[in-house]
Amino acid sequence: MVFINMNPKKNIERFFQLINEDSKPAIEKQKLFSVAEKLQGILGDFNSPTDVLIRLRGLGTMQSEYLTLFGIKNLCKIIFIIYYKKNGFSNSKIEEIINSIYFIVLFTTEGNDYTESCDTCGGDGSVNCDNCDSDGSLECDYCDGSGVVNCDDCNGTGEIDGESCDQCEGSGQVTCDECDGDGHYTCRRCGGDGSESCDDCGGDGQMETDDTEYTLVGLCSWDREMKNIFEIRENEVQPAMEVMSDKFWRNSIQLADTEEHTELDMDKIETDVYYCCLLSEQPEVFRFSKNLNIHIPYPEELITFIID
């Protein structure tokens, strides 16, 4: 049953409201095409959608701030429009593409152990020498730093049988053999550097941890074939892809490349393959930072299925 509002004014208002709602997506799409057309001529050469994003980042702060107003999803649409316009695609084909975009986050690791700076040496690999208080030299114990000692021949008197001692020429003192008259000698522990290798890290400056390094790759794509695979493999400990094919790269924009580390069960996962952490129609896990840079703020929340 259809209820009709008998108020003509209300009917007219509702009629125009429906017209505006139906035309809004078309107006927004037209604006995206218009912005893309203006940008295409100033971006220079590019060979992939990701290249377009890199060129946009180089436009400057004001342009970047303007483009962030469109949001990440519309920015990706603009990038695809620019790229496929250059490659001769029709507007209808491009509309089909931008209506099919989705967002994914992929996990990959090479299995490398994560190391962190040694707290003892601050990552330098060396610490102050305790033997010489980092001075590099020590005061000679034989001459107490004077560089001279009593002459053994005359016992420091300067005379032998009433005559001047030849050894010390009557002074009663001779040059200290232990420090060659310098009063100090080079610290044998540090070799005069004033520092020595850190025992805690073995001089590397880095300490091993139980964590493993990993990377999250955030992408926007419209590749239907891969979307079907991602839907099946999302949050599963089975690789979604072994390698990223050239075709997939051409159909995708690499938005973020986040390097992190955590304790992983390497018996459960493979190295150098890609697991699907997220598949979504909306870029809810991506955030703008400066100059169109896009990042994943809480990567650890996306990989619990691998950690647990």
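Residues numbered from 1 in each chain as written. Predicted model: local features only at pLDDT ≥ 70, side-chain atom pairs only at ≥ 80, totals over all residues. Heavy atoms only, no water.

This next bit is on helix α6 (residues 224–233). Looking at α6, one finds that the buried residues are Met-226, Lys-227 and Phe-230. One side of α6 holds all its buried residues, which, seen down the axis, span an arc of 105°. Among the exposed residues of α6, those pointing more than 90 degrees away from its buried face are Glu-225 and Ile-232. Residues of α6 that are buried in the fold lie against β1 (102–108), α7 (246–250) and β13 (275–280). One side-chain oxygen at the N-terminal end of α6 lies 3.2 Å from the backbone nitrogen of Glu-225; it belongs to Asp-223. (Buried < 20%, exposed > 50% of the residue type's maximum accessible area, 1.4 Å probe, protein only. Helix = DSSP H or I, 4+ residues; strand = E, 2+ residues; numbered from the N terminus. Arc of directions from axis to C-beta. Contact = heavy atoms within 4.5 Å. Polar contact = N/O pair within 3.5 Å; in protein donor to acceptor, adjacent residues only side chain to side chain.)

Right, let's get into the pairing of β13. A large share of β13 lies buried, amounting to six of its six residues. Two strands pair when backbone bridges link them, and β1 and β13 are joined in this way by five bridges, in the antiparallel orientation. What sits directly across from Val-105, in β13, is Leu-278. (Pairing = 2+ DSSP bridges.)

With that out of the way, let us pick up the nonpolar core. Leu-56, Phe-80, Val-105, Phe-107, Leu-216, Leu-255 and Phe-286 are the most contacted members of the largest nonpolar core, which has 51 residues in total. Beyond its immediate chain neighbours, meaning those up to four positions away, Leu-255 contacts Leu-53, Arg-57, Ile-72, Cys-76, Phe-103, Gly-218, Leu-219, Cys-220, Phe-286 and Ile-294. (Core = buried A, V, L, I, M, F, W, Y, C linked by side-chain atoms within 4.5 Å.)

Bringing the pairing of strand β11 (residues 206–221) into the picture now. As paired strands, β1 and β11 are joined by seven bridges and run antiparallel to one another. Within β11, the residue paired with Val-105 across the bridge is Gly-218. In this sheet, β11 lies alongside strand β2 (residues 113–117) in antiparallel orientation, the contact comprising four bridges. Within β11, the residue paired with Asp-113 across the bridge is Thr-212. Inspection of the sheet shows β11 paired to strand β12 (residues 252–262) by ten bridges, in the antiparallel sense. Opposite Glu-213, over in β12, you have His-261 as the bridge partner.

Because each turn of an α-helix spans 3.6 residues, side chains separated by three or four positions in sequence point in the same direction. The end-to-end C-alpha separation of helix α4 (residues 71–86) is 23 Å, in line with the 22 Å expected for 16 residues at 1.5 Å each. Where α4 terminates, the next one or two residues include Gly-88, which has phi positive at roughly 80°. (Expected span 1.5 Å × (residues − 1).)

A few words on the confidence of the model for the protein chain. Here the protein chain averages 87 in pLDDT, while 91% of its residues score no lower than 70. The spread of mean pLDDT over the elements of the protein chain runs between helix α1 (residues 8–40), the lowest at 65, and β1, the highest at 97. Note that pLDDT drops below 50 for residues 1–5; the model gives that stretch two contacts with residues more than four away or on any other chain. (pLDDT = per-residue confidence, 0-100.)

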